[in-house]
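# Tertiary structure, described
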Amino acid sequence: MMATDRVATFAIAFTLCYAAIYVACTELNVPLLTYHPVIGEIDFLWKPSRQGPAMYWYGWMLTAFIGAAALAFGATLMPEPWLQRTILFGALAALSYLVLYSLALLVYDKASVELEFLTWRWPSVVAAVIAAAIGTAFAPAQWSERLWPGWTWSIPLGALVVLGYYLTPYFTR
Amino acid sequence: MAFWTTLLIIHGLLAVALLGAITHQAVALWWPVRAASSSFVVRFRAVPSTSYVWAIIVLYLATFVMGAWIYTQYRFTSRLALEQLRFFKTVGVFELKEHVATIGLIVLPAYWAFWRLPLAADHAGARKQVTLFLALIVWANFLIGHVVNNARGFGS
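Residues numbered from 1 in each chain as written. Chains lettered and ligands numbered in written order. Predicted model: local features only at pLDDT ≥ 70, side-chain atom pairs only at ≥ 80, totals over all residues.

### Focus on the overall build of chain B
Here is the rule we go by: Counting from the N terminus, the helices are DSSP H or I runs at least four residues long and the strands are E runs at least two residues long. Think of it as a crowd count around each C-beta: if 20 or more other C-beta atoms lie within 10 Å the residue is buried, if 12 or fewer it is exposed, and in between it is partly exposed, with C-beta placed from the backbone throughout.
Per the secondary structure count, chain B includes six helices and zero strands. Secondary structure elements of chain B, listed N to C terminal, follow the sequence α-α-α-α-α-α. Taken over the C-alpha atoms alone, chain B extends approximately 55 × 35 × 25 Å along its principal axes. Out of the 156 residues belonging to chain B, those deemed buried represent 33%.

Here it is in structure tokens:
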């Protein structure tokens, strides 16, 4: 189950990068444009709502499209083992961050004293990058020989889980 | 209002066609026919999967574009009404639909790459997995759209 050509490499890399960038865009609210449906006007980048709600979904998709297309093009220029390692590193880093930051917030909630530093994101980011670097360095060599097409559905699925988690306030009110 | 209702019906019809196509393809791929039979289920599974690829891509794109267009109207009409009625779960599940639709859209390039002719033997596993993933996405969005439409009601 291996990718064998640049078209497949571009397609897989585009899907993975898009999923990751799209999640980041929704979390950080980084739209390329803002649409105001009541007045039918479009603003460049993020703008607050005026005369009715503002829509950022189209902008998030465009931001992710540009980022993913650029990264996927870069991916086609990389040797396949490097690309596979990069994706493995990214996936491990994202997973580690999710676990570490969730644990930090859990400890923060349960602690009897105020431990505000546990709510900071950057220590979890640094720890996740270190964990991912170690995991990638010690991964069996055969894992990195060729690009694994199974990423094509597993990372978008992970993105959907994260996006779904962000929506939990709608279901807990 | 008739204009948006017409678009919504077209969106729904495209979604039905897409649902049928992707379900046929996924079932034929995951549960291939070993021996010919005249039963309905066997004939349902016996379709040539490759012939569905472009139909699925075109139908997905058309359904997505129509949905994205209708979404502009939903945002300041139906959604406001749902919020006033405190149907937060319905609003939340529709928010999920927009993300699921986007994820399905971005899987299409890989889906196309894995289904290119001649079919690559070393993409057989990926082809099955991505097709199933896309089928689940289409089913999820179809059901969510149906639920949301029921919450607000046709023509209401």
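### Considering the overall build of chain A
Selection rule: A residue pair is marked as a contact if its C-beta atoms, positioned from the backbone, fall within 7 Å.
Secondary structure summary: chain A contains six helices and two strands in total. Helices and strands appear in chain A in the N-to-C order α-β-β-α-α-α-α-α. Its C-alpha atoms put chain A at 55 × 50 × 25 Å along the principal axes. A burial count over chain A gives 31% of its 173 residues as buried. Considering only residue pairs separated by 6 or more positions, chain A has 72% of its internal contacts joining residues 24 or more positions apart.

### Overview of the interface of chain B and chain A
Heads up, the rule is: Side-chain classes follow a simple rule in which Ala, Val, Leu, Ile, Met, Phe, Trp, Tyr, Cys and Pro form the nonpolar group, Asp, Glu, Lys and Arg form the charged group, and the remainder, Gly included, forms the polar group.
Facing 28 residues of chain B, the contacting portion of chain A comprises 32 residues. Among the secondary structure elements, those contributing two or more residues to the side of chain B that touches chain A are α3 (53-76), α5 (88-114) and α6 (124-152) of chain B. Per-element tally for the side of chain B that touches chain A: the top contributor is α5 of chain B, with 17 residues. Partitioning the side of chain B that touches chain A into residue classes produces 16 nonpolar, seven polar and five charged.

### Section: the packing of helix α1 (residues 6-28) of chain A against helix α5 (residues 151-166) of chain A
All names here are of chain A. Convention followed: To obtain each axis, a line is fitted to C-alpha atoms, and for helices this fit is confined to the stretch in contact; angles are then taken between N-to-C directions over 0 to 180 degrees. For classification purposes, an angle smaller than 35 degrees is called roughly parallel, one larger than 145 roughly antiparallel, one from 65 to 115 roughly perpendicular, and anything else oblique.
Running from amino to carboxyl end, α1 crosses α5 at an angle of 10°, the nearest separation of the two axes being 9 Å. Judged by the angle between their axes, α1 and α5 are roughly parallel. Contact residues: Ile12, Thr15, Leu16, Ala19, Ala20, Tyr22, Val23, Thr26 and Glu27 in α1; Trp151, Thr152, Ile155, Pro156, Ala159, Val162, Leu163 and Tyr166 in α5.

### Focus: unusual backbone geometry
Here the amide bond leading from leucine 117 of chain B into proline 118 of chain B is cis, since omega sits at -5°, within 30 degrees of zero. Summarising the element assignment, proline 118 of chain B is placed in the loop between α5 and α6. Although it is not a glycine, glutamine 51 of chain A sits at a positive phi angle of roughly 50°. Its place among the elements puts glutamine 51 of chain A in the loop between β2 (41-44) and α2 (57-77). Located in the positive-phi region is arginine 86 of chain B, a residue other than glycine, with phi close to 60°.

### A short note on the pairing of β2 of chain A
Looking along a regular strand, one sees side chains alternate from face to face of the sheet. Basically, it comes down to this: For two strands to be treated as a pair, DSSP must find at least two bridges joining them.
Across four bridges, strand β1 (residues 33-36) of chain A lies against β2 of chain A in antiparallel orientation. Across the sheet, the residue bridging to tyrosine 35 of chain A is isoleucine 42 of chain A, located in β2 of chain A.

### Details of the confidence of the model for chain B
Residue and element names in this part refer to chain B. Going by this rule: Every residue carries a pLDDT, the predictor's confidence in it, which falls somewhere between 0 and 100.
With 97% of its residues at a pLDDT of at least 70, chain B reaches an overall mean of 88. The least confident element of chain B, judged by mean pLDDT, is helix α2 (residues 40-45) at 76; the most confident is α3 at 94. Confidence estimates for the predicted assembly give a pTM of 0.89 and an ipTM of 0.89.

### Notes on α5 of chain B
All names here are of chain B. Operational definition: A helix is expected to reach a length of 1.5 Å times the quantity of its residues less one. Axes are fitted to the seven residues ending at a residue and to the seven starting at it; the angle between these axes is taken as the bend at that residue.
Its 27 residues give α5 an end-to-end C-alpha distance of 39 Å, which sits within 8% of 39 Å, the value for a rise of 1.5 Å per residue. Considering bend angle alone, the principal kink of α5 is centred on leucine 108 and spans about 35°; proline proline 109 follows within four residues of it. Here α5 lies mainly inside the structure; 20 of its 27 residues are buried.

### Some thoughts on α1 of chain A
Residue and element names in this part refer to chain A. Helix length check: α1, at 23 residues, gives a terminal C-alpha distance of 32 Å against a target of 33 Å (1.5 Å per residue), a fit within 8%. Burial analysis of α1 places 18 of its 23 residues in the buried class, the great majority of the element. Of the residues flanking the end of α1, it is asparagine 29, one or two places downstream, whose phi is positive at about 55°.

### Considering the environment of leucine 85 of chain B
Residue and element names in this part refer to chain B. Note on placement: leucine 85 falls in the loop between α4 (78-84) and α5. Of the residues examined, leucine 85 has 12 C-beta atoms within 10 Å and is grouped as exposed. Sequence separation of leucine 85 and serine 38 is 47 residues, and the distance between their C-alpha atoms is 51 Å.

### Regarding the confidence of the model for chain A
Confidence in the prediction for chain A averages 89 pLDDT; 98% of positions are at 70 or higher. The secondary structure element of chain A with the lowest average pLDDT is helix α6 (residues 168-172) of chain A, at 89, and the one with the highest is α2 of chain A, at 95.

### Describing the packing of helix α3 (residues 80-110) of chain A against helix α4 (residues 122-137) of chain A
Residue and element names in this part refer to chain A. The criterion, for reference: Each crossing is labelled by how the near helix is turned from the far one, with a counterclockwise turn of less than a right angle marking it left-handed and a clockwise turn marking it right-handed.
In the contact formed by α3 and α4, the axes pass within 7 Å of each other and the chain directions differ by 140°. Classified by the angle their axes make, α3 and α4 are oblique. Pair α3 / α4 crosses with right-handed handedness. Residues Arg85, Leu88, Phe89, Leu92, Ala93, Ser96, Tyr97, Leu100, Tyr101 and Ala104 of α3 pack against Ser124, Val125, Ala127, Ala128, Val129, Ala131, Ala132, Ala133, Gly135 and Thr136 of α4. Residue composition of the contact of α3 with α4, grouped by class: 15 nonpolar, four polar and one charged.

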